[in-house]
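One letter stands for each residue in the lines below.
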Amino acid sequence: MINVESYRNYCLAKPGVSEGFPFSESALVFKVMNKIFAICDIDTFEFINLKCDPERAIELRDKHPAIRPGYHMNKQQWNSVYVDGTLPDQLIFELIDHSYELIVAGLPKKLKEELRALED
């Protein structure tokens, strides 16, 4: 089952990612090129807030009780993905990838070019 360390390592392995605690000392935030793509509470590690395509977010919530509208986030575009063991780790990692990719897709051209340079 995914834990906070494997989650953190997975996020930090992505190009252009930084971590920080801009909201509180327990709310770990991951950003790609300074744009948030994942948030969790490291003290409880109950769920991860991840950006999601709005239509897919609804489908995922209907199919998986452990995926709910994003806590303290835009409910259309963010999900809270509960890491209670009911979702396969593979799905959680895929949703992290999806969130990262959505943020990258929305970056301005200049930042996308900077990110591409980091990947080379």
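Right above here is the structure, for reference.
Report on the accompanying structure. Worth saying up front: this structure is predicted, and the values here are computed from it rather than measured.

What counts, and at which threshold
Residues numbered from 1 in each chain as written. Predicted model: local features only at pLDDT ≥ 70, side-chain atom pairs only at ≥ 80, totals over all residues. Heavy atoms only, no water. Helix = DSSP H or I, 4+ residues; strand = E, 2+ residues; numbered from the N terminus. Rg over C-alpha atoms; globule rule 2.2 N^0.38 Å. Buried < 20%, exposed > 50% of the residue type's maximum accessible area, 1.4 Å probe, protein only. Contact = heavy atoms within 4.5 Å. Lys, Arg positive; Asp, Glu negative; His and termini not counted. Charge placed at Lys NZ, Arg CZ, Asp CG, Glu CD. Phe/Tyr/Trp six-rings, centres within 6.5 Å; stacked < 30°, edge-to-face > 60°. Pairing = 2+ DSSP bridges.

### Remarks on the overall build of the protein chain
- A tally of regular secondary structure across the protein chain gives four helices and six strands.
- Reading the helices (α) and strands (β) of the protein chain from amino to carboxyl end gives α-β-β-β-β-α-β-β-α-α.
- Compactness check: the protein chain gives a C-alpha radius of gyration of 14 Å against a globular reference of 14 Å for 120 residues, within 12% of the reference.
- Taken over the C-alpha atoms alone, the protein chain extends approximately 40 × 30 × 25 Å along its principal axes.
- For the protein chain, the proportion of its 120 residues judged to be buried stands at 42%.
- Expressed as a percentage of contacts within the protein chain between residues at least 6 apart in sequence, the contacts between residues at least 24 apart total 47%.
- A gap of 7 Å separates the mean positions of the 14 positive and 19 negative side-chain charges of the protein chain.

### Describing the packing of aromatic side chains
- Summed over the entire model, instances satisfying the criterion amount to seven aromatic pairs.
- Relative to Phe-93, the ring of Tyr-10 lies with its centre 4.5 Å away and its plane at 40°, an arrangement referred to as tilted. With Tyr-10 in helix α1 (residues 4-12) and Phe-93 in helix α3 (residues 89-105), the pair connects residues that are 83 residues apart, well separated along the chain.
- On the basis of relative accessible area, Tyr-10 is assigned to the partly exposed category, the value being 26%.

### Focus: the environment of Val-17
- As for its position among the elements, Val-17 is in strand β1 (residues 17-20).
- The contact partners of Val-17, leaving out residues within four places of it in the chain, are Cys-11, Leu-12, Phe-30, Lys-31, Val-32, Phe-37 and Tyr-100.

### Section: the pairing of strand β3 (residues 35-41)
- Looking at chain direction, strand β2 (residues 27-32) and β3 are connected through six bridges and run antiparallel. If you follow Phe-30 over to β3, its bridge partner there is Ala-38.
- Between the antiparallel neighbours β2 and β3 lie two residues, among them Met-33 with a positive phi of about 50°.
- As judged from the three bridges shared by β3 and strand β4 (residues 47-51), these two strands associate in the antiparallel manner. For Ile-39, the partnering residue across the bridge sits in β4 and is Asn-49.

So yeah, pure geometry; function would need other evidence.
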